[in-house]
Amino acid sequence: MTSHGQTPTANAMRRALKRARDGVALDVTEAAVLLQARGEDLADLTASAARVRDAGLAAAGRPGVITYSKSVFLPLTRLCRDKCHYCTFVTVPGKLRREGHGMYMSMDEVLDIARRGAELGCKEALITLGDKPEDRWPEARAWLEAEGYDDTLAYVRAVAIRILEETGLLPHLNPGVLSWTDFQRLKPVAPSMGMMLETTAERLWSEPGGPHHGSPDKEPAVRLRVLEDAGRSNVPFTSGLLIGIGETYEERAESLFALRRVQRAYHGIQELIIQNFRAKPDTAMRGMPDAELDDLVATVAVARHIMGPSGCLQAPPNLVDAEYARLIGAGIDDWGGVSPLTPDHVNPERPWPHIDELADKSAAAGFELRERLAVYPEFVRRGEPWLDPRVLPHVQALADPDTGLARTDVRPEGLPWQEPDEGFTPMGRTDLHRTIDTEGRSADRRDDFDEVYGDWQELRERAAPGMAPQRVDSDVREALGQAADDPTGLTDEQALALLHADGPALDALCRTADDVRRDAVGDEVTYIVTRNINFTNVCYTGCRFCAFAQRRTDADAFTLSLEQVADRAQQAWDVGAVEVCMQGGIHPDLPGTAYFDIARAVKERVPGIHVHAFSPMEVVNGATRTGMSIREWLTAAKEAGLDSIPGTAAEILDDEVRWILTKGKLPTATWVEVVKTAHEVGLGSTSTMMYGHVDQPRHWLGHLRLLADIQRSAQEKGVPGFSEFVTLPFIHTNAPVYLAGIARPGPTARENRAVTAMARLLLHPWIPNIQTSWVKLGTEGAAEMLRSGANDLGGTLMEETISRMAGSSYGSYRSIKDLVAIAEAAGRPARPRTTRYGEVPPERVEAAHASDGHLPDLLPVV
């Protein structure tokens with residue numbers, strides 16, 4: 001039932017219908033008016049919606065085609081922690097036992113249905129289940145523990161792999177609310193996933209008696225976050241509305257526009273399902289009337305106008321009493337999953353139509369019925385990064401390479417689910433670490449600039465409010481006094497005042513920070529003889545600040561072999577290095593164990609070198625690809641030779657900023673989880689902040705406060721924490737977010753001084769070492785930061801491609817003499833250090849001074 005508001009006037013309806021006919025973008029008010037169209041008005045609305053749909057089909061290369069997926073429905077578990085008042089799918093453990101069922105379908109039960117489906121020509125395995133049943137039901141937790149699974153999603157992952165390997169069906173996963181990390185776990189085992197938004201009407205969740213009251217996973221903000229995380233993770237995703245559950249027309253319109261906003265941002269919603277409420281016995285909403293057919297038809301038509309010609313709209317054919325022609329006329333282009341074997345377990349009283357009947361009804365309306373796969377043809381043709389290399393062969397075995405639709409001449413057959421064969425095959429511009437300084441990059445941007453980062457215009461609109469500077473009224477003099485007396489007592493208001501300091505106040509701030517530095521760590525400027533090794537720059541994560549990442553086919557793309565990585569570590573050791581710092585892009589072909597192989601290869605070649613490697617993003621990538629927990633993965637990496645991790649991938653630890661800077665990188669909470677876990681398993685880390693793009697001082701303050709809290713926690717637990725904090729000024733020149741006109745051109749000189757000084761004050765006494773970046777600031781800039789609270793110059797590097805690809809003009813290495821000269825320019829002595837700021841063994845010092853800490857000019861490129 002829809003809660004009816006005020007009936008629109010005839011003039012409002014005529015105006016809205018004309019805008020729809022003319023193809024003018026609708027707003028929420030106009031959409032709400034059109035949702036109430038009936039009679040001739042509804043016929044007018046559906047006619048214009050059908051024209052929009054037809055234009056989209058023609059543009060997609062399949063004019064006059066309506067699709068469906070031949071599937072089997074697998075209700076993996078009917079237990080759920082939610083209590084939706086209209087649902088008969090969900091049940092309780094006692095009822096399952098009485099009916100002779102387990103808490104979950106067994107693996108044998110799943111595979112039996114999947115095999116029979118494959119014999120009938122089905123190509124999709126629709127895996128549906130309740131949300132996190134183990135959180136509510138001890139019986140579910142006991143079943144999982146007995147079967148050896150940590151949680152329900154671990155079982156979902158295992159089931160999907162077995163289906164791929166033993167039947168060839170493509171899993172489409174509907175496990176409910178997922179986190180960003182959950183998507184990373186499941187993407188390698190399924191080409192598509194889904195979750196109905198249902199509605200954005202919060203009152204239907206928050207108010208007692210509402211259909212979603214008491215269901216934590218039905219909070220609209222939570223479900224919208226899932227849709228966004230799916231887009232960030234490049235997962236083809238199905239969503240939609242459930243209409244007639246008590247929402248108003250305005251709320252329904254707002255729900256459609258929320259879906260459009262997500263689609264504009266990420267282009268990842270493969271279809272929208274418009275499903276009409278059907279009252280069921282034995283539910284709290286059994287007395288509510290079903291959603292009317294006219295209501296469904298109007299909603300489909302309005303959804304078509306809002307989503308546009310490229311949107312794919314589905315209405316379940318078993319819920320409309322054979323009124324197929326009306327739905328086709330309203331603008332649908334898909335019938336969804338139809339099974340010749342299994343019932344619709346969500347609506348068991350409504351049997352699927354026979355496929356022949358569906359084809360006849362579609363033909364009567366002038367459309368040809370064609371079979372698609374679980375993943376829509378647009379995403380089949382897009383390929384990377386939407387389809388993981390581990391499932392891509394399974395999709396390719398069933399897809400027509402020209403159309404992306406299902407091949408009708410093949411039956412599914414199981415294929416091995418395995419890592420791609422390429423692995424560490426060296427390819428591309430492997431000499432980039434040297435030629436970046438002599439030849440530069442091939443182009444200022446990668447070839448998929450307009451697609452890989454999301455919708456730039458939508459991003460501009462979203463970024464604008466966060467970039468507005470805040471007015472600061474706090475007394476700078478009072479704040480300076482507090483900083484000098486006791487920086488640990490600075491309030492947030494005082495800290496913000498100091499982050500905005502300029503002129504004489506900024507000079508005073510930097511002097512105060514320098515005094516605190518002297519008291520904390522003395523006058524010596526430290527540096528480390530190290531080599532950067534970037535083992536690949538192939539990456540599809542979509543970080544909008546990153547000019548390093550390339551597609552595998554781009555001219556500047558490269559991947560090193562394990563031997564080449566080890567060779568570079570050996571070269572570094574030979575010239576006195578005590579550390580190698582290794583990071584790379586999130587290459588889709590590298591297995592989750594690749595990081596272990598890299599650490600092991602270096603340690604086998606150079607046992608004495610410190611392996612400082614793998615950002616938190618790489619840690620999560622490795623853990624999710626192997627199916628290990630973050631703790632298990634870090635422990636295994638440590639056993640393979642990892643000694644510490646860089647605290648990069650932090651950027652700004654505020655998701656308001658992170659989701660502007662990056663499309664798909666890990667959220668703040670996950671970064672914190674990785675770093676804390678690393679500390680707990682005995683792996684120290686650095687900490688970083690990249691600033692000067694779409695951020696503001698309030699974001700810097702929150703970032704620094706969070707790092708101090710993490711360090712305080714590590715020290716209380718007696719585990720390694722952060723060895724240092726590294727300031728990373730944003731290099732804008734080739735950064736996509738700057739080229740798109742969104743970010744500002746890096747921080748100002750004032751901001752660099754203020755950030756360095758405030759890092760010293762706000763992290764005192766928890767993180768004693770503050771590092772400045774000669775790569776990003778040059779010699780004079782780094783010396784200025786040494787006068788503003790910094791005490792460390794970082795490393796000799798020997799090679800550096802990330803900042804250089806972004807447009808840094810300060811070269812790829814510094815000799816020991818160069819670093820000593822920077823310290824002397826600041827009036828300070830210099831000394832070498834280890835990764836954890838210890839004394840360097842004399843043998844290493846001697847080797848480093850003999851080479852001046854850099855590679856010979858004639859050293860072979862490897």
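Predicted model only: the values in this text are computed from it and were never measured.

The rules we used
Residues numbered from 1 in each chain as written. Predicted model: local features only at pLDDT ≥ 70, side-chain atom pairs only at ≥ 80, totals over all residues. Heavy atoms only, no water. Helix = DSSP H or I, 4+ residues; strand = E, 2+ residues; numbered from the N terminus. Rg over C-alpha atoms; globule rule 2.2 N^0.38 Å. Buried < 20%, exposed > 50% of the residue type's maximum accessible area, 1.4 Å probe, protein only. Contact = heavy atoms within 4.5 Å. Areas by Shrake-Rupley, 256 points an atom, 1.4 Å probe, with all protein chains shown as cover. Lys, Arg positive; Asp, Glu negative; His and termini not counted. Charge placed at Lys NZ, Arg CZ, Asp CG, Glu CD. Axes fitted to C-alpha atoms, helices over the stretch in contact; angles between N-to-C directions. Parallel < 35°, antiparallel > 145°, perpendicular 65-115°, else oblique. Nonpolar A, V, L, I, M, F, W, Y, C, P; charged D, E, K, R; others polar. Phe/Tyr/Trp six-rings, centres within 6.5 Å; stacked < 30°, edge-to-face > 60°. Lys NZ or Arg CZ within 6 Å of the ring centre and 35° of its normal. Core = buried A, V, L, I, M, F, W, Y, C linked by side-chain atoms within 4.5 Å. Pairing = 2+ DSSP bridges. Right-handed = clockwise from strand over helix to strand, strands pointing away. Polar contact = N/O pair within 3.5 Å; in protein donor to acceptor, adjacent residues only side chain to side chain. pLDDT = per-residue confidence, 0-100. Salt bridge = Lys/Arg side-chain N within 4 Å of Asp/Glu carboxyl O. Expected span 1.5 Å × (residues − 1). Arc of directions from axis to C-beta.

For the rest of this paragraph, the subject is the overall build of the chain. For the chain, the helix and strand inventory stands at 35 helices and 21 strands. Here the C-alpha radius of gyration of the chain, 29 Å, is about what a compact globule of 862 residues would show, namely 29 Å. For the chain, the spread of C-alpha atoms along the principal axes amounts to about 85 × 60 × 55 Å. Counting all 862 residues of the chain, 63% fall into the buried class. Considering only contacts in the chain between residues 6 or more positions apart, those separated by 24 or more positions represent 78%. For the chain, the exposed area adds up to about 30,900 Å²; of that, 50% sits on carbon and sulfur atoms. Of note, the chain has its 94 positive side-chain charges centred 2 Å away from the centre of its 124 negative side-chain charges.

Right, let's get into the packing of helix α20 (residues 476-485) against helix α22 (residues 503-521). Running from N to C, α20 and α22 cross one another at 10°; their axes reach a closest spacing of 10 Å. By the angle between their directions, the pair α20 and α22 is classed as roughly parallel. Between α20 and α22, the contacting residues are V476, L480, A483 and A484 on the first element and A505, A508, L509 and T512 on the second. Residues of the contact of α20 with α22, tallied by class, amount to 7 nonpolar, 1 polar and no charged.

So, about the environment of M798. Of note, M798 is situated in the loop between β20 (792-795) and α33 (802-806). Along the chain, M798 and Y813 lie 15 residues apart, while their C-alpha atoms are 4.6 Å from each other.

This model, assessed by the stated rule, comprises 16 aromatic pairs. Ring centres of F379 and W386 lie 5.1 Å apart, and the angle between their planes is 70°; on these two criteria the pair is classed as edge-to-face. The pair F379 / W386 is uniform in exposure class, with both members buried. Ring geometry for Y453 and W456: centres 5.5 Å apart, planes at 40°, overall tilted. Given the relative accessible area of 8%, W456 is considered buried. Among the aromatic side chains, those forming a connected cluster through ring pairs are F535, Y595, F596, F614 and W633. For R382, the ring lying beneath its charged end belongs to F379, and the centroid distance is 4.3 Å. Over the face of the ring belonging to W386 we find R382, whose NZ or CZ atom lies 5.2 Å from the ring centre.

What follows deals with the nonpolar core. With 130 residues, the main nonpolar core has M582 and W671 as its most contacted residues. Among residues more than four places away in sequence, those in contact with M582 are I533, F535, V565, I598, V602, V611, H612, A613 and F614. If you look at the next biggest cluster of nonpolar residues, it comprises 124 residues, including L259, A301, L358 and L373.

We now examine the pairing of strand β5 (residues 237-243). Along any regular strand the residues' side chains alternate between the sheet's two faces. Summarising burial for β5: 7 of the 7 residues are buried, a large majority. The side-chain alternation of β5 yields two buried faces, one formed by F237, S239, L241 and I243 and the other by T238, G240 and L242. With 2 bridges joining them, strand β4 (residues 192-194) and β5 adopt parallel strand pairing. By the bridge assignment for β5, G194 is matched with T238. In the sheet, β5 pairs with strand β6 (residues 269-276) via 7 bridges, with the strands oriented parallel. What sits directly across from I243, in β6, is N276. Handedness of the crossover joining β5 and β6 through helix α11 (residues 249-266): right-handed.

Moving on to the side chain of D792. Among the structural elements, D792 can be located in strand β20. Under the relative-accessibility criterion, D792 is labelled buried at 0%. A distance of 2.5 Å separates a polar atom in the side chain of D792 from a polar atom in the side chain of T526. Looking at D792, its side chain comes within polar contact range of the side chain of Q771, at 3.1 Å.

Turning our eyes to something else, we now look at the confidence of the model for the chain. Put simply, the chain has an average pLDDT of 91, and 93% of its residues get 70 or more. Overall, residues 858-862 carries pLDDT values under 50, and its contacts beyond four positions in sequence, including any with other chains, amount to 12 contacts.

Side chains carrying opposite charge are able to pair once their charged atoms draw close together. Overall, the coordinates contain 57 salt bridges when judged by the stated rule. With its nearest N and O atoms 2.6 Å apart, the salt bridge here joins R21 to D44. Linking R21 in helix α1 (residues 10-21) with D44 in helix α3 (residues 40-59), this pair joins segments that are 23 residues apart in sequence. Owing to a relative accessible area of 41%, R21 belongs among the partly exposed residues under this scheme. Residue D515 is joined to R518 by a salt bridge in which the shortest nitrogen-to-oxygen separation is 3.0 Å. Of the two residues, D515 and R518 both sit in helix α22, 3 residues apart, roughly one turn of that helix. Look at D515 and you get partly exposed, because its relative accessible area is 39%. Residues joined in a network through salt bridges with shared partners are D514, D515, R517, R518 and D523.

Now for the packing of helix α32 (residues 774-786) against helix α34 (residues 816-825). In a packed pair of helices, the relevant descriptors are the angle between the two axes and the axis-to-axis distance. It is at 7 Å that the axes of α32 and α34 come closest, and there the two elements cross at 35°. Where α32 approaches α34, its residues W774, T779, A782, A783 and L786 are matched on the opposing element by L819, I822, A823 and A825. Its residues assigned to classes, the contact of α32 with α34 shows 8 nonpolar, 1 polar and no charged.

Attention now goes to unusual backbone geometry. The omega torsion of the bond from E384 to P385 falls at 0°, within 30 degrees of zero and hence cis. Inspection of the secondary structure puts P385 in the loop between α15 (377-382) and α16 (392-398). Each neighbour pair has its own omega, and for H764 with P765 the value is 0°, a cis peptide bond. By the secondary structure assignment, P765 is in the loop between α31 (749-762) and β19 (770-771). At E651, a position not held by glycine, the phi torsion is positive, near 50°.

Here we take up helix α5 (residues 107-119). Here α5 spans 18 Å end to end across 13 residues, near enough to the 18 Å set by a 1.5 Å rise per residue. Buried within α5 are the following residues: M107, V110, L111, I113, A114, G117 and A118. Buried residues of α5, seen end-on, are gathered within an arc of 165° and therefore sit on one face of the element. Turned more than 90 degrees away from the buried face of α5 sit D108 and E119, all of them exposed. Tucked into the core, α5 has its buried residues touching β1 (65-77) and α7 (152-166). Remark: G121 follows α5 within two positions and exhibits a positive phi of approximately 90°.

For α31, with 14 residues, the first-to-last C-alpha span of 20 Å sits near the 20 Å given by 1.5 Å per residue. The buried fraction of α31 amounts to 13 of the 14 residues, a majority that puts the element mostly inside the structure.

Here we take up the environment of A601. One can find A601 in helix α24 (residues 594-605). Placed 40 residues apart in sequence, A601 and G641 show a C-alpha to C-alpha distance of 8.8 Å. With near-sequence residues (within four places) excluded, A601 lies in contact with L562 and A566.

Counting buried positions over the 5 residues of strand β12 (residues 530-534) gives 5, a clear majority of the element. Pairing of β12 with strand β14 (residues 579-583), which is carried by 5 bridges, proceeds in the parallel orientation. Paired with N532 across the bridge in β14 is C581.

The subject of this paragraph is the environment of V606. Tracing the backbone through its elements, the reader meets V606 in the loop between α24 and β15 (610-613). For V606, a relative accessible area of 2% corresponds to the buried category. In this structure, the C-alpha to C-alpha distance between V606 and L34, residues 572 residues apart in sequence, is 70 Å. Those residues in contact with V606 that sit more than four places away from it in its chain are A569, Q570 and W573.

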